[in-house]
Amino acid sequence: MLRVLVVCLALLALLYGVKIALIQLAVPEDASWSQDDAGAEGARVEAGAPAPLGEGGAAGDLSAGLAAFRAGDDAKAVARFERCMAEASEPSTRWSCATALGEMHLVGAGSPRNMTKAVALFEEAASAGDPDAQYNLGIVYGATHHDGSDLHQREALAVLQLYAASTAGHPGALMAMGYRHMHGYGVPQACTTAALNYIDVAKRIASVYSEGMPQAVELIRLNLHSKDRKVISASEMNLFVQIATDGDITVQAAIGKRYLLGIEGFKQDYSKAKYYLRMAAYRNHPAALALLGYMHCLGLGTPQNLDKAYSYFVSAAGQNEPLGHNGLGFIYFRGSNAQARNLRFAFKHFNESAAGGSSDGMFNLASMYLTGTGTEQSFQKAVLYYTQALERGHTPAAYALAVMHLNGIGTVRDCDTAVNLLKKVCERGEWVTSKLVEAYEYGEQQPDKAALLFLKLAEAGHEVAQMNAAHLFDSGQSSLLYQGA
């Protein structure tokens, strides 16, 4: 049984790993495995999307209300949500609008703050099975206390709502139940149960499984939230472009990479990426050569051509560029028209990539050790290289290590370590990062909106959000939990 588990894990990890660096280049920064909440800070229906047949104006009102909220027009958002509730024929749309409207009343956006109305709307939607409303109720029940009410009863109601939302796959509720079982907050302390809750979210974030095959997409950039990334000004961008045009190959490669990824103020543009990378590659810049190889390998702004990709990877690897070695490892692992599959060569280049400091190379090398592909099988070396990749912020490595610790593969069985790793993976998902970014953007200007987002994350076990929520309440900046309204 252990052998079967190891082989399955290793094959999935290996197939995932050999493509991880390649595919992540194709993913826009705001890519997400999950839908945002149907509440005021997110949407099941994207702004501007056409209403589904049979739903007409109600879905349009939901979409418009969410767009208005994001634009800061709270009064318009409230009016749209109210009309949506009155006109919706599709129950799920009505409950989404009820949840969104409840959040508006809770934070006092577009109308006076009214917790009573907010809770009534959440209860109506939650009783109909809306997981976002159930999660919100869990937060309210757990964080508030009425005079004369039974604390244990409210805590039990909170757990009941969180459990209901978790059974519907709500990421925050699954994380919350994992965190509660991890520490025994309101539920029995049970590490295995915590792991089962976390792993349901973590495996989607790591994108290990998709229709029985690994979906090789690194959705999470671990230099983490867009709030923390430097975004250069238009004048700085123009200056860099001018320097690149004047022939600085380092700047050419840097601009090409940013256009390829769509980061730091550069809108993703494959044509411009290819233009600048070619300028640097013409003068043999190793990273530019490797990135052009990835573009041809994936067909980004150019027809997919593994043989052309191979030639670029060879040129980059010839200068000991880790990205080039990782690309060659992928080509040899998969094989192409011109290059036969060669697992020994794949192992060699993944090893070179790892030695050069590439977290993807480390992950791929670990995967080959895990399955004994192209080299002698070694669970211990697999753990070593997964750990090194994890230290460089590699999400799938954290997931792989968690599964190994959970099952005692290559290391002692350690449920606590596994749960902590799974928690880290979950906190690198879009559900968490998008809310953190929004909360920081609201900041002191709209403390109640920020407090609600921090509360959602705090219930899910995010320690930084817990401290931020506590600060807003203790300093008196937010009255979100005040029972007077």
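Worth saying up front: this structure is predicted, and the values here are computed from it rather than measured.

Student: I keep staring at the overall build of the protein and nothing clicks. Help me out?
Tutor: Looking only at helices and strands, the protein features 23 helices and zero strands. Relative to its full complement of 485 residues, the protein shows a buried share of 53%. Sequence separation of 24 or more characterises 58% of the internal contacts of the protein that already satisfy a separation of 6 or more.

Student: I tried to follow the state of the cysteines on my own but got confused; where do I start?
Tutor: Summed over the entire model, instances satisfying the criterion amount to two disulfides. Here Cys84 connects covalently by a disulfide to Cys97, the sulfurs 1.9 Å from one another. Residues Cys84 and Cys97 are joined through a disulfide that is right-handed, its torsion about the S-S bond being 75°. One end of the pair, Cys84, is in helix 3 (residues 74-87); the other, Cys97, is in helix 4 (residues 91-107), with 13 residues separating them in the sequence. On the accessibility criterion, Cys84 (0% relative accessible area) is buried. The disulfide partner of Cys191 is Cys415, and the gap between their sulfur atoms is 2.0 Å. As the torsion about the S-S bond is roughly -105°, the Cys191-Cys415 disulfide counts as left-handed. Remark: Cys415 occurs in helix 20 (residues 415-426) and Cys191 occurs in helix 9 (residues 191-205); sequence separation between them is 224 residues. Overall, Cys191 belongs to the partly exposed group, its relative accessible area being 23%. Sequence-ordered numbering of the bonded cysteines in the protein gives a disulfide pattern of 1-2, 3-4.

Student: How should I be thinking about the nonpolar core in this particular structure?
Tutor: Grouped burial of nonpolar side chains is what soluble globular proteins tend to show. Counting residues in hydrophobic clusters, the biggest one holds 135 residues, and the most contacted among them are Phe81, Tyr135, Tyr198, Tyr386, Tyr399, Leu422 and Phe454. Residue contacts for Tyr198: discarding those within four places in its chain leaves Met175, Gly178, Tyr179, Met182, Val419, Leu422, Lys423, Cys426 and Ala460.

Student: What's the story with helix 11 (residues 249-261) in this structure? I'm lost.
Tutor: The α-helix winds at 3.6 residues per turn, so residues separated by three or four positions along the chain end up facing the same way. With 13 residues, helix 11 extends 18 Å from end C-alpha to end C-alpha; this agrees with the ideal 18 Å at 1.5 Å per step. Where helix 11 begins, the capping side chain belongs to Asp248, and its oxygen is found 3.0 Å from the backbone nitrogen of Thr250. Positive phi appears at Gly262, one or two residues downstream of helix 11, with a value of about 70°.

Student: Just checking my understanding: could you explain a nonpolar patch on the surface for this structure?
Tutor: Judged by side-chain polarity, Tyr440, Val464 and Met467 come together as a nonpolar surface patch covering roughly 280 Å² of accessible area. Turning to its location among the elements, Tyr440 is positioned in helix 21 (residues 430-442). Owing to a relative accessible area of 32%, Tyr440 belongs among the partly exposed residues under this scheme.

Student: Just to check I follow, could you spell out the environment of Gly301 for this structure?
Tutor: When you line up the elements, Gly301 lands in the loop between helix 13 (286-298) and helix 14 (306-317). Residues Gly301 and Lys274, spaced 27 residues apart in sequence, show a C-alpha to C-alpha distance of 7.7 Å. What Gly301 contacts, discounting residues up to four positions off in sequence, is Tyr270 and Lys274.

Student: I would appreciate a short explanation of the pattern of salt bridges in the present structure.
Tutor: Pairing between side chains of opposite charge can happen when their charged atoms approach one another. According to the stated counting rule, one finds 10 salt bridges in the structure shown. A salt bridge links Arg204 to Asp200, with the nearest nitrogen and oxygen atoms 3.6 Å apart. One end of the pair is Arg204 and the other is Asp200, both in helix 9 and four residues apart, which spans about a single turn. The exposure class of Arg204 is partly exposed, given its relative accessible area of 30%. The residue Glu463 makes a salt bridge to Lys423 at a minimum N-O spacing of 2.8 Å. Here the residue Glu463 occupies a position in helix 23 (residues 463-474), and Lys423 occupies one in helix 20, the gap between them amounting to 40 residues. In the salt-bridge network here, residues are joined through shared partners; they are Asp61, Arg80 and Arg83.

Student: It is not clear to me how the packing of helix 21 against helix 22 (residues 447-459) should be interpreted in this structure. Could you clarify?
Tutor: Two packed helices can be described by the angle between their axes and the distance between those axes. One can describe the packing of helix 21 onto helix 22 by two numbers: an axis separation of 8 Å at closest approach and a directional angle of 155°. Taken together, the axes of helix 21 and helix 22 are roughly antiparallel relative to one another. In the crossing of helix 21 with helix 22, the sense of the turn from one axis to the other is left-handed. Residue-level inspection shows Trp431, Val432, Lys435, Leu436, Glu438, Ala439, Tyr440 and Tyr442 of helix 21 in contact with helix 22, the latter providing Lys449, Ala450, Leu453, Phe454, Lys456 and Leu457. Among the residues making up the contact of helix 21 with helix 22, the classes are represented as 10 nonpolar, no polar and four charged.

Student: Can you help me understand the environment of Arg70 in this one?
Tutor: Assignment of secondary structure puts Arg70 in helix 2 (residues 56-71). Here the alpha-carbon distance between Arg70 and Glu438, two residues 368 residues apart in the chain, equals 9.8 Å.

Student: Can you walk me through the confidence of the model for the protein in this structure?
Tutor: For residues with low pLDDT, the predicted coordinates do not support detailed interpretation. Residues at a pLDDT of 70 or more form 81% of the protein, whose mean pLDDT is 81. Ranking the elements of the protein by mean pLDDT puts helix 1 (residues 2-24) last with 45 and helix 8 (residues 171-183) first with 96. With pLDDT under 50 throughout, residues 14-55 is counted as low confidence; its partners more than four residues away or in other chains account for 141 contacts. Confidence over residues 208-229 falls short of pLDDT 50; this stretch has 63 contacts with residues more than four positions distant or in other chains.

Each value, and the rule that gives it
- Residue numbers run consecutively from 1 along every chain, following the written order of its sequence.
- Local features in this predicted model are restricted to residues of pLDDT 70 or higher, and side-chain atom pairs are both shown and tallied only at a pLDDT of 80 or more, whereas totals for entire chains, interfaces and linings draw on every residue.
- By convention in this description, side-chain values take in all heavy atoms of the structure and omit both hydrogens and water.
- Secondary structure elements are defined from DSSP: runs of H or I of at least 4 residues count as helices, runs of E of at least 2 residues count as strands, and each element is numbered from the N terminus.
- When accessible area is computed with a 1.4 Å probe and restricted to protein chains, residues below 20% of their type maximum are described as buried, those above 50% as exposed, and intermediate ones as partly exposed.
- Contacts were defined at the residue level, with two residues in contact if any of their heavy atoms lie within 4.5 Å.
- Note on terminology: disulfide denotes any pair of cysteine sulfur atoms within 2.5 Å.
- The nonpolar core is taken to be a set of buried Ala, Val, Leu, Ile, Met, Phe, Trp, Tyr and Cys residues, with the residues joined through side-chain atoms within 4.5 Å.
- Helix span is expected to be 1.5 Å times the residue number reduced by one.
- Side-chain atoms alone can form a polar contact between residues adjacent in sequence; in general such a contact is a pair of N or O atoms within 3.5 Å, and within protein one must be able to donate a hydrogen while the other accepts it.
- The patch calculation keeps residues exceeding 30% relative accessible area without a salt bridge and links them within 9 Å when they carry like charges or within 5 Å when they are nonpolar (Val, Leu, Ile, Met, Phe, Trp, Tyr).
- Areas reported as accessible are Shrake-Rupley estimates using a 1.4 Å probe. Residue values count occlusion only from the protein chains shown.
- Here a salt bridge means any side-chain nitrogen of Lys or Arg lying within 4 Å of a carboxyl oxygen belonging to Asp or Glu.
- Here an axis means a line fitted to C-alpha atoms, over the contact stretch when the element is a helix, while the angle between two N-to-C directions is reported on a 0 to 180 degree scale.
- Comment on the angle field: the value is read as roughly parallel under 35 degrees, roughly antiparallel over 145, roughly perpendicular from 65 to 115, and oblique elsewhere.
- In this scheme the crossing of two helices becomes right-handed for a clockwise turn of the near helix relative to the far one and left-handed for an anticlockwise turn of less than a right angle.
- Three categories are distinguished: nonpolar for Ala, Val, Leu, Ile, Met, Phe, Trp, Tyr, Cys and Pro, charged for Asp, Glu, Lys and Arg, and polar for the others, with Gly belonging to the last.
- Summary of the metric used: pLDDT quantifies the predictor's per-residue confidence within the range 0 to 100.

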